[in-house]
Amino acid sequence: MFFKDIIGQDRLKQQIISSIQSGVVPHSQLFCGRTGYGSFCMAFAYARYLNCTHRTESDACGHCPSCLKYNDIVHPDLYFIFPMAQEGKKNVCDDYMSEWRGFLSTHLYFDLNMWLNEMDATKQAIIYSKESEEIMRKVSFKIYEAAYRVFLIWIPERMHSNCANKLLKVIEEPPLNTIILMVSDEPDRILGTILSRSQRINVKPIQPEDLARYAQSKYELDEAGALQIARMAHGDYLQMIEIMHDSEENAFFLKQFVLMMRNSWAKNVKGMKIFADEMASLRKDRQRNLLSYCQRFVRENFIHRFQSSEMCFMNREETEFAEKFSPYVNERNVFEFMEELAIAERHLAQNVNPKMVFFDLALRITVLLQK
């Protein structure tokens, strides 16, 4: 992982590089932001650049002895700490290092679920208390060859309290040239004393334009389609991938939404009943996902009326339908619209008969569309 591999974030990259070049290297740093923004990539690229012996003005060289070891994730002065799901006697990160190296070599952006799937884990993932002994043992080592020894801790909020307290001791009295880089999705869950002793680096959402350019080059999307997906992803690369994978499901949900609205507008009671029967035949999770989609789409139609494209997150097909439908979602009915959809979703969660839920919903929408 190099700075050049990270999508966008040019200002933050330059700030980090300038800090290292000026010799300002805090011993404890906390990269805050969703992994889909590039927070882990940023921390890894930081560690690589820090120890590169032939760094350029914009990135690590990739060819020096340090970079070559970083390429294979085998640098002797780079230590990883990450959540794991204990299996048998495997309860420290070193036990999973082979799987971790393989995972990092094939994933630039990732989240905890992806890592757990890699391990086929069924238990909750945490950083076990046993890891605290490993931290203290490794801290006592002499630095082998790097300018800085780096501990890269992914999701520190999942550390056992014993492990967190041992880490605090290291932060308070760090050995010479020892750097702790933490990457957190939920920094508010980290031990307060660790937070107060760490320099916080906020990794913000990727700019839609940067995300769209990447989508165009990697997935061969047209410019308009790439920008729409990027805006829907709210600056999160992983969310963008999920949206692209879910496009077929969203097309199905849009079709059902259109059918439900047309039946209600035409007061087609027979059509409403047929629709309710068909929705009742779906799996429960798809029924609820459909209603979640409907709530999002109603919101988008309401915003669409204000002609504010930067606030709307719809694909091309949704936008085309919204051109005609959005006038029917207005100040007089939008709150009731959202409430009825939310109530229907809640009723499904309470195992109410789905035929009754969808038929009743269609009748109520008939009234709302007249407002």
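The structure contained in this document is the topic of the report that follows.

**Some thoughts on the pairing of strand S3 (residues 149-154)**
Burial analysis of S3 places six of its six residues in the buried class, the great majority of the element. Neither face of S3 is left uncovered, since the one carrying Arg149, Phe151 and Ile153 and the one carrying Val150, Leu152 and Trp154 both have all their residues buried. Both strand S2 (residues 78-81) and S3 contribute to a ladder of four bridges, which runs parallel. Bridge pairing in S3 links isoleucine 81 to isoleucine 153. Where S3 meets strand S4 (residues 178-184), six bridges bridge the pair, whose relative direction is parallel.

**Considering the side chain of histidine 75**
Assignment of secondary structure puts histidine 75 in the loop between helix H3 (65-71) and S2. Within the structure, the side chain of histidine 75 is placed 3.0 Å from the backbone nitrogen of aspartate 77, a separation counted as a polar contact. Not counting residues up to four positions away in its chain, the partners in contact with histidine 75 are Ser66, Lys69, Tyr70, Glu145 and Ala146.

**Focus on the sheet that holds S3**
The strand order across the open sheet built from five strands is S2-S3-S4-S1-S5, with neighbouring strands paired in parallel fashion. The two strands at the open ends of the sheet, each matched to only one other strand, are S2 and strand S5 (199-202). Strand after strand, the sheet turns through a mean of 20° between neighbouring axes, direction not considered. Sheet topology note: the strand S1 (residues 28-32)/S4 ladder contains five bridges and is parallel. What sits directly across from glutamine 29, in S4, is leucine 181.

**Some words on the packing of aromatic side chains**
Following the criterion strictly, the structure yields 31 aromatic pairs and no others. Considering the side-chain rings of phenylalanine 31 and tyrosine 46, the 6.1 Å spacing of their centres and the 70° angle between planes classify their relative orientation as edge-to-face. Residue phenylalanine 31 is located in strand S1, and its partner tyrosine 46 is located in helix H2 (residues 39-51); the two are separated by 15 residues in the primary sequence. The same class applies to phenylalanine 31 and to tyrosine 46, which are both buried. For the pair tyrosine 109 and tyrosine 237, a centre-to-centre distance of 4.8 Å together with 45° between the ring planes defines the contact as tilted. Separated by 128 residues along the polypeptide, tyrosine 109 in the loop between helix H4 (97-106) and helix H5 (112-119) and tyrosine 237 in helix H11 (residues 237-245) bring together distant segments of the chain. Look at tyrosine 109 and you get buried, because its relative accessible area is 4%. Each residue in the set Phe40, Phe44, Tyr70, Phe80, Phe82, Trp100, Phe103, Phe110, Trp115 and Trp154 is aromatic and connected to the rest through ring pairs, giving one cluster.

Calculation rules
Residues numbered from 1 in each chain as written. Predicted model: local features only at pLDDT ≥ 70, side-chain atom pairs only at ≥ 80, totals over all residues. Heavy atoms only, no water. Buried < 20%, exposed > 50% of the residue type's maximum accessible area, 1.4 Å probe, protein only. Helix = DSSP H or I, 4+ residues; strand = E, 2+ residues; numbered from the N terminus. Pairing = 2+ DSSP bridges. Polar contact = N/O pair within 3.5 Å; in protein donor to acceptor, adjacent residues only side chain to side chain. Contact = heavy atoms within 4.5 Å. Axes fitted to C-alpha atoms, helices over the stretch in contact; angles between N-to-C directions. Phe/Tyr/Trp six-rings, centres within 6.5 Å; stacked < 30°, edge-to-face > 60°.

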